[in-house]
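Letter by letter, the chains look like this.
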Amino acid sequence: MKAKIAVLQGDGVGREIVPEAVKVLKVVAEKFGHQFEFANSDVGGQAIDKVGVPLPQETLTLAKQSDAVLLGAVGGPKWEGLEYSLRPERALLGLREQLGLYANLRPAKLYDVLADASTLKKDVIQGIDILVIRELTGGIYFGKPKGIEKLAHGGERGTNTEVYTTEEIRRIAKVGFEAARKRRKKLTSVDKANVLESSELWRRVVIDVRKDYPDVELNHMYVDNAAMQLVRNPRQFDVMLCNNMFGDILSDEAAMLTGSIGMLPSASVGAQVGLFEPIHGSAPDIAGKNIANPIATIASAAMMLSYAFKLDKEAELIEQAIVKTLDLGYRTKDIQSTGTRLVGTTEMGDAIVRNLN
Ligand code: NAD
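Enquirer: Just checking my understanding: could you explain the packing of helix 1 (residues 14–32) against helix 11 (residues 312–327) for this structure?
Expert: Two quantities define a packed helix pair, namely the angle between the axes and the distance from one axis to the other. Between helix 1 and helix 11, whose axes approach to 11 Å, the crossing angle comes to 130°. The orientation of helix 1 relative to helix 11 falls into the category oblique. Helix 11 is crossed by helix 1, and the crossing has right-handed handedness. Contact residues: helix 1 offers Val24, Val28, Lys31 and Phe32, while helix 11 offers Glu314, Leu317 and Ile318. Per-class residue counts for the contact of helix 1 with helix 11 are five nonpolar, no polar and two charged.

Written out as structure tokens, the structure reads:
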């Protein structure tokens, strides 16, 4: 197949880890006879330095005209003093909004050899492979009315509104069922239907959407129980479907089960172009030293192949290469332990490329 990929390295370690993912994608394309065209553009602080804004029109146009976007990270101390609307992080909000990305997919997978890096007991977390799907553009973060008002008798009142329409729930539920189909075919819908009407509707619509996915097992869990079950028995989960706020919280909780931020990829998808990026930031404390872990970004590239291009075999090959490389003992500094082989960012990328077979 032919595909155009917008490559936005961004700031800090973004400039080191994205080239490693591109290197892997190039080798995969060659192996399977695909033609990937890579087009670079500026985003975040890098773009501010060049043209004064974090998301230049040229970058946005490129993203919209591409089949997928691969992003590193944005931000850093150099731009922290800027006014909020001009900060590098605004580029992420702009991209989400302009590309209509309403679903955020965050896998939390534990690589067996890294089980010791987690704060939880090995026998609890071994083998976990969870995908948290978070609705990204609705719910309490966007619902109206919102705001803080002064009360006549003194004091103030803060308001936010949790609101979801049938259509918003339906489209995210579909993403959930489709993702479950690609995996172990089990979907847990997280809600608070015992208290919230918006959750009651959420549950009803999810049950209705399931009619088109009879092969996927569906269960419902209240969010407080889900938070508890994630640390008690995380292996019970395959795909967790969450609204914006519940997903915000549970995706971080699930991520932490696996131990290292440098290992975790993400995908944001919508009606058209998807955005694929590691969950971590620009890590200014380690930038420019060739020590950042490129695995989260390489795994994000694998998600791109699977979710944007439906190239599941190719994505699986990358996943397996990551596992093999870790099994062979290669470690960047963040996941290093005794008896392993310490390598830099580029060496880790090279080792993964060698294991693409
Ligand atoms: P961070 O994720 O950049 O770093 C947190 C810690 O994790 C640091 O100690 C860092 O060294 C380590 N780390 C992160 N990625 C790593 C990797 N690949 N390999 C090894 N270690 C890694 O979060 P932060 O320090 O809070 O934020 C730094 C900057 O990044 C800020 O400007 C913030 O706004 C921005 N940020 C951007 C994004 C994004 O682009 N999506 C996300 C979060 C933060």
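Enquirer: I keep staring at the packing of helix 3 (residues 57–65) against helix 4 (residues 90–99) and nothing clicks. Help me out?
Expert: The geometry of helix 3 relative to helix 4 is characterised by a closest axis approach of 11 Å and an angle of 40° between their N-to-C directions. Classified by the angle their axes make, helix 3 and helix 4 are oblique. Between helix 3 and helix 4 lies a crossing of right-handed hand. Residues Leu60, Ala63 and Lys64 of helix 3 form the contact with helix 4, whose participating residues are Leu95, Gln98 and Leu99.

Enquirer: Explain the environment of leucine 82 here, please?
Expert: Here leucine 82 lies in the loop between strand 3 (68–73) and helix 4. On the basis of relative accessible area, leucine 82 is assigned to the partly exposed category, the value being 30%. Excluding its chain neighbours within four sequence positions, the residues that come into contact with leucine 82 are Ile48 and Arg87.

Enquirer: Is there a simple way to explain helix 1 in this structure?
Expert: Note: α-helices contain 3.6 residues per turn, so residues at a spacing of three or four share the same orientation. With 19 residues, helix 1 should cover 27 Å at 1.5 Å per step; its first-to-last C-alpha distance of 27 Å lies within 8% of that length. Residues of helix 1 that are buried include every one of Gly14, Glu16, Ile17, Val18, Glu20, Ala21, Val22, Val24, Leu25, Val28 and Ala29, and no others. In the stretch just after helix 1, glycine 33 is the one whose phi turns positive, near 75°.

Enquirer: How do you make sense of the site of the ligand when you look at a structure like this?
Expert: The ligand sits among 19 residues. The nearest are Glu89, Gly281, Ala283, Asp285 and Asn293. Interatomic distance of 3.1 Å between a side-chain N/O atom of histidine 280 and a nitrogen atom of the ligand. In the environment of the ligand, an oxygen atom lies 2.8 Å from a nitrogen or oxygen atom belonging to the backbone of alanine 283. Protein contact buries 69% of the 810 Å² of open area that the ligand shows by itself. Considering only residue class, the shell around the ligand consists of eight nonpolar, seven polar and four charged.

Enquirer: Teacher, can you tell me more about the pairing of strand 6 (residues 147–150) here?
Expert: Both faces of the sheet carry side chains from a regular strand, because those side chains alternate between them. Of the strand pairs in this sheet, strand 6 and strand 7 (residues 156–159) are connected by four bridges, and their pairing is antiparallel. Looking across to strand 7, one finds that lysine 150 is bridged to glutamate 156. Two successive antiparallel strands, strand 6 and strand 7, enclose a turn made up of five residues, where glycine 154 displays a positive phi of approximately 100°.

Calculation rules
Residues numbered from 1 in each chain as written. Predicted model: local features only at pLDDT ≥ 70, side-chain atom pairs only at ≥ 80, totals over all residues. Heavy atoms only, no water. Axes fitted to C-alpha atoms, helices over the stretch in contact; angles between N-to-C directions. Helix = DSSP H or I, 4+ residues; strand = E, 2+ residues; numbered from the N terminus. Parallel < 35°, antiparallel > 145°, perpendicular 65-115°, else oblique. Left-handed = near helix turned anticlockwise from the far one by under 90°. Contact = heavy atoms within 4.5 Å. Nonpolar A, V, L, I, M, F, W, Y, C, P; charged D, E, K, R; others polar. Buried < 20%, exposed > 50% of the residue type's maximum accessible area, 1.4 Å probe, protein only. Expected span 1.5 Å × (residues − 1). Near = heavy atom within 4 Å. Polar contact = N/O pair within 3.5 Å; in protein donor to acceptor, adjacent residues only side chain to side chain. Areas by Shrake-Rupley, 256 points an atom, 1.4 Å probe, with all protein chains shown as cover. Pairing = 2+ DSSP bridges.

Limitation: the analysis is restricted to geometry and does not speak to function.
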